[in-house]
Amino acid sequence: MIQLSERLLAMEESATIAMAKKSRELKSQGKDVISLSLGEPDFHTPDFIKQAAVEALEQNFTTYTPVPGYDDLRDSISRKFLRDNKLSYSKDQIVVSTGAKQSIANLVLSLINPGDEVIIPAPYWVSYLEIVKVAEGIPVVISAGIDKDFKITGADLEAAITPKTKMLMFSTPCNPTGSVYSKAELQDIARVLAKYPQVIAMSDEIYEHINFIGQHESLAQFPEIYDQVVTVNGVSKAWAMTGWRLGYIGAPKAIATACDKVQGQFTSATCSITQRATISAMDADPSILKDMIGAFESRRNLVLEGLRKIPGLKVNQPGGAFYVFPDCSSYFGKSYRGQTIQNSDELCMYLLEVGLVACVGGAAFGDPNCFRLSYAASKETLQKAVERISTALAQLR
Ligand code: PMP
Ligand code: GLU
């Protein structure tokens, strides 16, 4: 009899990945499912990056690399931080990992003792909470609803801080809401953090380039808290490189050294070829992403227009990333063929089975009134998806 660990049993499966798996299964049974469940760009990796990977293979970059990444890759990330974020991180403050997901896991394992509290503003990205639980930390969820554009204030943060607080974890632009923190809003959070130097903030900025409202702002820009912030980023989103698996952090040196140590025992460095290819992405001028960002923006507008016409859905105006997170609570208690919808997970199951559109229920993101829809798909597909959602919801009585 196999006895799995309590740690594993306490962990939830990733809801985004579970929903993507379910929609792939239905597709393989011949069902015409539109999958808007996974946060993955539908663009291809740019050719110049692919070319750099081909050259790396030809030049036999095929062996183990330094655990935190090649020196020249970390130099290129250091230049990127300075160019795009005005952040100064030297090579030894940078650790490259097998995706930002691993960067976050390294960080939590490096900082959290059992019983330490981690403040996670909801809605949050699904994996934050589960990674904290694996490290036996205590997630302290503070909610910011749609009326606050899903963003917390410094006062919200301060009200949740206790002597046991060790970390704050959040993303801007945010997955799943698309909300973007302004400089003034980050300044307000920085003001509070500065009063609690034992609290380390993880600022997940993996969607930095997918921003429709102007300049991306980094939390680490405020000198008074620079030593308390770990900036997480990666190539999955902006450079359409989800399968290549590369994320990175810029961190205080002691934290970077700790993450390097964790990684040295768990996985070693990420793929050598991915690392060589990423140098070309880091050195590229991000203005070449303009067309892709424009495409995301016009898809966002199309989806918002469609969703806002559906009675009972409440939608914010996401300023970045490629998600919308509508509040669907007015449908709870309604039924279809004798089955009553109680929450957004059940509503998503209904949308999948009856509407043939896969989204993700909000509970896994810390807000069970909402569901997440990823609009990283063509306009035709999105148009069809919104029509299907509208038709399915109209059948609920
Ligand atoms: N952070 C956020 C907010 C995300 O949406 C994702 C999803 N890809 C990640 C981190 C992890 O990205 P990856 O592991 O692909 O670099
Ligand atoms: N981060 C993406 C998402 O939120 C990819 C899936 C995952 O890594 O969980 O859908």
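Just above, that's the structure.
Because the structure is predicted, anything quoted here is derived from the model rather than measured. (Residues numbered from 1 in each chain as written. Chains lettered and ligands numbered in written order. Predicted model: local features only at pLDDT ≥ 70, side-chain atom pairs only at ≥ 80, totals over all residues. Heavy atoms only, no water.)

A. Layout of the pairing of strand β14 (residues 371–374). Side chains F371 and L373 of β14 all project onto a buried face; the interleaved residues R372 and S374 project onto the opposite face, where all are buried too. In this structure, strand β9 (residues 323–324) lies alongside β14, joined through two bridges in antiparallel fashion. Across the sheet, residue Y323 finds its bridge partner in β14, namely S374. Note: strand β13 (residues 360–361) against β14, two bridges, orientation antiparallel. Bridge pairing links G361 to F371 in β14. (Buried < 20%, exposed > 50% of the residue type's maximum accessible area, 1.4 Å probe, protein only. Helix = DSSP H or I, 4+ residues; strand = E, 2+ residues; numbered from the N terminus. Pairing = 2+ DSSP bridges.)

B. Spotlight on the packing of helix α4 (residues 71–85) against helix α10 (residues 272–283). Running from amino to carboxyl end, α4 crosses α10 at an angle of 25°, the nearest separation of the two axes being 9 Å. The angle between α4 and α10 places the two elements in the roughly parallel class. Where α4 crosses over α10, the handedness of that crossing is left-handed. Across from D72, L73, S76, I77, R79, K80 and R83 in α4, the residues of α10 making contact are Q275, R276, T278, I279, M282 and D283. Split into classes, the residues belonging to the contact of α4 with α10 amount to four nonpolar, three polar and six charged. (Axes fitted to C-alpha atoms, helices over the stretch in contact; angles between N-to-C directions. Parallel < 35°, antiparallel > 145°, perpendicular 65-115°, else oblique. Left-handed = near helix turned anticlockwise from the far one by under 90°. Contact = heavy atoms within 4.5 Å. Nonpolar A, V, L, I, M, F, W, Y, C, P; charged D, E, K, R; others polar.)

C. Inspection of the nonpolar core at higher detail. Among the nonpolar cores identified, the biggest contains 131 residues, and M167, M169, W239 and L373 are the most heavily contacted of them. With seven residues, the top contributor of residues to this core is helix α11 (residues 290–308). Other than its neighbours up to four places away in sequence, W239 contacts T45, P46, F48, I49, A281, M282, A284, I288 and L289. (Core = buried A, V, L, I, M, F, W, Y, C linked by side-chain atoms within 4.5 Å.)

D. Region of interest: the site of ligand 1. Within the structure, ligand 1 sits among G99, A100, K101, W125, Y128, N175, D204, I206, Y207, S236, K237 and R245. In this structure, N175 approaches ligand 1 through a side-chain N or O atom, which is 2.7 Å from an oxygen atom. One nitrogen or oxygen atom from the side chain of Y207 is found 2.6 Å from an oxygen atom belonging to ligand 1. Isolated, ligand 1 exposes 390 Å² of accessible area, and the fraction of that covered by the protein chains is 93%. Spatially, ligand 1 is embedded in the second largest pocket. Per-class residue counts for the shell around ligand 1 are five nonpolar, three polar and four charged. (Near = heavy atom within 4 Å. Polar contact = N/O pair within 3.5 Å; in protein donor to acceptor, adjacent residues only side chain to side chain. Areas by Shrake-Rupley, 256 points an atom, 1.4 Å probe, with all protein chains shown as cover. 1 Å grid on protein atoms, 1.4 Å probe; cavity = no way out; pocket = protein on both sides within 12 Å on 5 of 7 lines; lining within 4 Å. Sits in = over half its atoms within 2 Å of the grid points.)

E. Fine view of the layout of surface pockets. What the largest pocket holds in volume is close to 590 Å³. Considering the residues around the largest pocket, the lining is formed by 26 residues, among which E12, E13, S14, S127 and E130 are closest to the centre. By residue number, the principal contributor to the lining of the largest pocket is helix α6 (residues 126–134), which donates six residues. Among the residues making up the lining of the largest pocket, the classes are represented as 16 nonpolar, five polar and five charged. In this structure, the second largest pocket spans a volume of roughly 420 Å³. What lines the second largest pocket is a set of 21 residues, among which G39, K101, W125, K237 and R245 lie closest to the centre. Breaking the lining of the second largest pocket down by element, the ones donating at least two residues are α2 (15–28) and α5 (100–111). Partitioned by chemical class, the residues of the lining of the second largest pocket number eight nonpolar, seven polar and six charged. (Points joined across faces, edges and corners; volume = space filled by probe spheres on them.)

So, to be careful, I would describe these as geometric facts and stop short of saying anything about function.
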